[in-house]
Amino acid sequence: MLRRLIMCVVVFAVTACTQEPKITENFGEKITLQEPTRVSKILAQPESYVGQTVLVQGKVLAVCPNKGCWIEIDSDAPAEKIQVKVEDDVIVFPQSLKGKQVLVQGVVEKLHLTKEQALAMKQHEAEESGEELDATTEVSEQTIYRIKGLGAAVLN
């Protein structure tokens with residue numbers, strides 16, 4: 001009897017650990033790609049991915065507090081993340097996504113910001129988070145790589 005109970009527990013544990021994650025919620029277009037690209041791989045050679053449609057997977061670190069028009073997801077490499085920006089009011093990400101695993105399909109894009117544009121972006125980010133931008137904040141031209149999100153799926 002004990003042997004049978006132990007076998008049941010082992011079988012349950014193995015099947016519970018090996019089950020594929022299931023999609024619990026969808027946003028935007030249906031995901032069609034099968035194989036995710038590691039975020040670290042995109043960030044290591046972003047120019048080679050610009051204009052390409054990719055599928056990435058990661059934990060949601062932040063959600064746009066105003067319109068839910070972007071999320072940041074973590075990378076498989078420490079201290080890396082990538083922003084996923086969607087068209088305003090077409091896809092709206094809820095704050096409840098923070099901490100959840102997602103699959104995101106979208107096109108890698110490159111934004112080159114002038115000094116003025118970079119400052120305007122910093123001001124916008126400060127407003128979104130309810131903070132005031134420090135008047136001594138200095139910015140310079142910068143290039144940002146992000147994903148223009150087309151569809152996303154939340155995993156259990």
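Residues numbered from 1 in each chain as written. Predicted model: local features only at pLDDT ≥ 70, side-chain atom pairs only at ≥ 80, totals over all residues. Heavy atoms only, no water.

A.B. asks: Sorry, what's going on with the pairing of strand E4 (residues 81-85) here?
C.D. replies: When a strand is regular, its side chains alternate between the sheet's two faces. The buried fraction of E4 amounts to four of the five residues, a majority that puts the element mostly inside the structure. As paired strands, strand E3 (residues 70-74) and E4 are joined by five bridges and run antiparallel to one another. Residue pairing for E4: Trp70 is matched across the bridge by Lys85. Across two bridges, the pairing between E4 and strand E6 (residues 142-155) is parallel. When the bridges of E6 are listed, Lys85 appears paired with Lys148. (Buried < 20%, exposed > 50% of the residue type's maximum accessible area, 1.4 Å probe, protein only. Helix = DSSP H or I, 4+ residues; strand = E, 2+ residues; numbered from the N terminus. Pairing = 2+ DSSP bridges.)

A.B. asks: So what exactly am I meant to see when it comes to the environment of Leu111 here?
C.D. replies: With respect to the secondary-structure elements, Leu111 resides in strand E5 (residues 101-113). Taking the relative accessible area as the measure of exposure, Leu111 reaches 21% and is therefore partly exposed. In sequence terms Leu111 and Thr143 are 32 residues apart; their C-alpha atoms lie 5.6 Å from each other. Setting aside residues up to four positions removed in sequence, Leu111 forms contacts with Gln142, Thr143, Ile144 and Arg146. (Contact = heavy atoms within 4.5 Å.)

A.B. asks: How do you make sense of the environment of Gln101 when you look at a structure like this?
C.D. replies: Within the fold, Gln101 resides in strand E5. Measuring from C-alpha to C-alpha, the distance between Gln101 and Val154 comes to 6.0 Å, with 53 residues separating the pair along the chain. Once residues within four sequence positions are removed from consideration, Gln101 is found in contact with Gln57, Gly58, Lys59, Ala153, Val154 and Leu155.

A.B. asks: Mind showing me how you'd approach the pattern of salt bridges here?
C.D. replies: Two side chains that carry opposite charge are able to pair once their charged atoms sit near each other. All chains considered together, the criterion is met by six salt bridges. Notably, a salt bridge pairs Asp76 with Arg38, separated by 3.3 Å at the nearest N-O pair. Taken together, the residues Asp76 in the loop between E3 and E4 and Arg38 in the loop between strand E1 (23-28) and helix H2 (39-44) connect sequence positions 38 residues apart. For Asp76, a relative accessible area of 45% gives the class partly exposed. Given the relative accessible area of 51%, Arg38 is considered exposed. The residue Lys110 makes a salt bridge to Glu47 at a minimum N-O spacing of 2.8 Å. Taken together, the residues Lys110 in strand E5 and Glu47 in the loop between H2 and strand E2 (53-63) connect sequence positions 63 residues apart. Note on Lys110: relative accessible area 40%, which makes it partly exposed. (Salt bridge = Lys/Arg side-chain N within 4 Å of Asp/Glu carboxyl O.)

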